[in-house]
Amino acid sequence: MRFSIFGVPVHVQPGFWLMAGLLGLEWVTGRQPDFVGFAIWVAVVFASVMVHEMGHAVAIRRKG
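Being a predicted model, the structure only gives us computed values, none of them experimental.

Some remarks on the layout of surface pockets
By volume, the largest pocket is sized at about 170 Å³. Looking at the largest pocket, it is lined by 13 residues, and the ones nearest its centre are Val10, His11, Val49, Met50 and Glu53. Breaking the lining of the largest pocket down by element, the ones donating at least two residues are strand S2 (8–11) and helix H3 (35–63). Per-element tally for the lining of the largest pocket: the top contributor is H3, with six residues.

A closer look at a nonpolar patch on the surface
Taken together, the side chains of Leu18, Met19, Leu22 and Leu25 make up a nonpolar region of the molecular surface, amounting to roughly 380 Å² of accessible area. Summarising the element assignment, Leu22 is placed in helix H1 (residues 14–23). On the accessibility criterion, Leu22 (46% relative accessible area) is partly exposed.

So, the packing of H1 against H3
Running from amino to carboxyl end, H1 crosses H3 at an angle of 130°, the nearest separation of the two axes being 9 Å. Here H1 lies oblique to H3, going by the angle between them. As for how H1 packs across H3, the hand of that crossing is right-handed. For the pair H1 and H3, the contacting residues are Phe16, Trp17, Ala20, Gly21 and Leu23 in the first and Phe38, Trp41, Val42, Val45, Phe46 and Val49 in the second.

Each value, and the rule that gives it
Residues numbered from 1 in each chain as written. Predicted model: local features only at pLDDT ≥ 70, side-chain atom pairs only at ≥ 80, totals over all residues. Heavy atoms only, no water. 1 Å grid on protein atoms, 1.4 Å probe; cavity = no way out; pocket = protein on both sides within 12 Å on 5 of 7 lines; lining within 4 Å. Points joined across faces, edges and corners; volume = space filled by probe spheres on them. Helix = DSSP H or I, 4+ residues; strand = E, 2+ residues; numbered from the N terminus. Patch = residues over 30% accessible without salt bridge, like charges linked within 9 Å, V, L, I, M, F, W, Y side chains within 5 Å. Areas by Shrake-Rupley, 256 points an atom, 1.4 Å probe, with all protein chains shown as cover. Salt bridge = Lys/Arg side-chain N within 4 Å of Asp/Glu carboxyl O. Buried < 20%, exposed > 50% of the residue type's maximum accessible area, 1.4 Å probe, protein only. Axes fitted to C-alpha atoms, helices over the stretch in contact; angles between N-to-C directions. Parallel < 35°, antiparallel > 145°, perpendicular 65-115°, else oblique. Left-handed = near helix turned anticlockwise from the far one by under 90°. Contact = heavy atoms within 4.5 Å.

Following this line, the structure appears as structure tokens:
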């Protein structure tokens, strides 16, 4: 998956989705699987990592 945010190129590798899914596996393996909760979990992990990494991009642009 490749795209850009504010001119910063982003490349999300398949391993990211695998790890986010494995970390949220409890959502779908419990007594009452919650696939909506699982999807929200993966989206929140993705957004959190993107905010963190965009912080790196901003710092690099400011410091040159």
